[in-house]
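Structural description and commentary
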Amino acid sequence: MPELKTRPTQASVTAFIDAIADGQQRKDARRIAAMMRRVTGKRGRMWGTSIVGFGRYRYSNSAGRDFEWLLTGFSPRKQAMTVYLMSGCEDLVLLNELGPHKTGKSCLYIKRLADVDEAVLEALVRASVRTMRERYATD
């Protein structure tokens, strides 16, 4: 298996968020970043050029190779804000209470923060972080 291409960088999270062209998405990114910092107790860090990650966890694949990935994070994409719930989105009952969204395996897509219940979003992030900390070595 090849190395992961997306890795932590030294780029500024603040500069990244400040450079988001859409004013509402920039405001949403700031709110999500503050919430994730509160939930994880970790400062945001850029992963690659477009993901803001909080904390990290280490895991081994079936071939025994070790990797690390963000514990939780987000990426402001053109179509939607992507929120990374690394424990997965399949079994989360709270999703029914969130508001309009789409999901992938570990990705939650929301158009605007105003469209969803922020308390539910925080509870989803909190539950994912708790699960990941129970399953993996984290920092």
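Now for a quick tour of the structure. (Residues numbered from 1 in each chain as written. Predicted model: local features only at pLDDT ≥ 70, side-chain atom pairs only at ≥ 80, totals over all residues. Heavy atoms only, no water.)

**Quick look at the side chain of Ser75**
Which entries qualify depends on this criterion: Each helix corresponds to a stretch of at least 4 residues labelled H or I by DSSP, and each strand to a stretch of at least 2 residues labelled E; elements are numbered beginning at the N terminus. Throughout this description, a polar contact denotes any pair of N or O atoms lying within 3.5 Å of each other; where both atoms belong to protein, one of them has to be capable of donating a hydrogen while the other can accept it, and for residues adjacent in sequence the pair is counted only when both atoms sit in side chains. Whether two residues are in contact is decided by their heavy atoms, any of which lying within 4.5 Å being enough.
Mapped onto the elements, Ser75 comes out in strand E3 (residues 66-76). Within the local environment of Ser75, its side chain forms a polar contact with the backbone oxygen of Ser50, the two atoms lying 2.5 Å apart. A distance of 3.0 Å separates the side chain of Ser75 from the side chain of Arg77, its partner in a polar contact. Beyond its immediate sequence surroundings of up to four residues, Ser75 is in contact with Ser50, Ile51, Ala80, Met81, Thr82 and Tyr84.

**Description of the pairing of strand E2 (residues 51-60)**
The cut-off we apply is this: For two strands to count as paired, DSSP must find a minimum of two bridges between them.
Summarising the sheet, strand E1 (residues 44-47) and E2 pair through four bridges and their orientation is antiparallel. Residue pairing across strands places Trp47 opposite Ile51, the latter belonging to E2. Once E1 ends, the chain turns through three residues before running back antiparallel as E2, passing Gly48 with a positive phi of about 65°. In this structure, E2 lies alongside E3, joined through eight bridges in antiparallel fashion. Bridge pairing links Gly53 to Gly73 in E3.

**Considering helix H2 (residues 23-40)**
Threshold: Residue count minus one, scaled by 1.5 Å, sets the expected span of a helix. Throughout this description, buried means an accessible area under 20% of the type-specific maximum (1.4 Å probe, protein chains only), exposed means over 50%, and partly exposed covers the range between.
For H2, spanning 18 residues, the distance from its first C-alpha to its last is 26 Å, which sits close to the expected 26 Å at 1.5 Å a residue. Gln25, Asp28, Ala29, Ile32, Ala33, Met35, Met36, Val39 and Thr40 are the residues of H2 that are buried. Check the buried side of H2 and you find it contacts helix H1 (13-18), E2, E3, strand E4 (81-85) and helix H4 (118-135). Its side-chain oxygen 3.1 Å from the backbone nitrogen of Gln24, Asp22 forms the N-cap of H2. Positioned one or two residues after H2, Gly41 has a phi angle of 75°, which is positive.

**Quick notes on the nonpolar core**
Note the threshold: Nonpolar core, defined: a set of buried Ala, Val, Leu, Ile, Met, Phe, Trp, Tyr and Cys residues in which side-chain atoms within 4.5 Å join the residues together.
Core analysis: the biggest nonpolar cluster contains 40 residues, and Phe74, Leu98 and Leu108 have the highest contact counts within it. Among residues more than four places away in sequence, those in contact with Leu98 are Leu108, Ile110, Asp115, Val116, Asp117, Val120, Leu121 and Leu124.

**A word on the layout of surface pockets**
Which entries qualify depends on this criterion: Here a cavity denotes a set of grid points, spaced 1 Å apart and computed over the protein atoms alone, in which a 1.4 Å probe fits but from which it cannot get out, and a pocket denotes an open set meeting protein on both sides within 12 Å along at least five of seven lines; residues with an atom within 4 Å of a point are reported as lining. Grid points are joined across faces, edges and corners, and a volume is the space filled by probe spheres set on the points.
A volume near 210 Å³ is recorded for the largest pocket. Taken together, Val13, Thr14, Ile17, Ala33, Ala34, Arg37, Arg43, Gly44 and Phe54 make up the lining of the largest pocket. For the lining of the largest pocket, the secondary-structure elements that each account for two or more residues are H1 and H2. Its boundaries defined by the atoms lining it, the second largest pocket holds a volume of some 170 Å³. Every residue along the wall of the second largest pocket is listed here: Tyr57, Tyr59, Trp69, Met86, Ser106, Met132, Arg135 and Tyr136.

**Brief notes about the packing of H2 against H4**
Here is the rule: In this analysis, axes come from line fits to C-alpha atoms, helices being fitted only over the stretch in contact, and the angle between any two N-to-C directions falls in the range 0 to 180 degrees. Orientation categories follow fixed angle ranges, with anything under 35 degrees roughly parallel, anything over 145 roughly antiparallel, 65 to 115 roughly perpendicular, and all other angles oblique. When the near helix sits turned anticlockwise from the far one by under a right angle, the crossing is termed left-handed; a clockwise turn instead gives a right-handed crossing. When residues are grouped by polarity, Ala, Val, Leu, Ile, Met, Phe, Trp, Tyr, Cys and Pro land in nonpolar, Asp, Glu, Lys and Arg in charged, and all others, Gly among them, in polar.
Between H2 and H4, the shortest axis-to-axis distance is 10 Å and the interhelical angle comes to 40°. By the angle between their axes, H2 is oblique relative to H4. Here H2 and H4 pass one another in a crossing that is right-handed. Judged by residue contacts, Arg31, Met35, Met36, Arg38, Val39 and Thr40 of H2 engage Glu118, Leu121, Glu122, Val125, Arg126, Val129 and Arg133 from H4. Classifying every residue of the contact of H2 with H4 by side-chain character gives six nonpolar, one polar and six charged.

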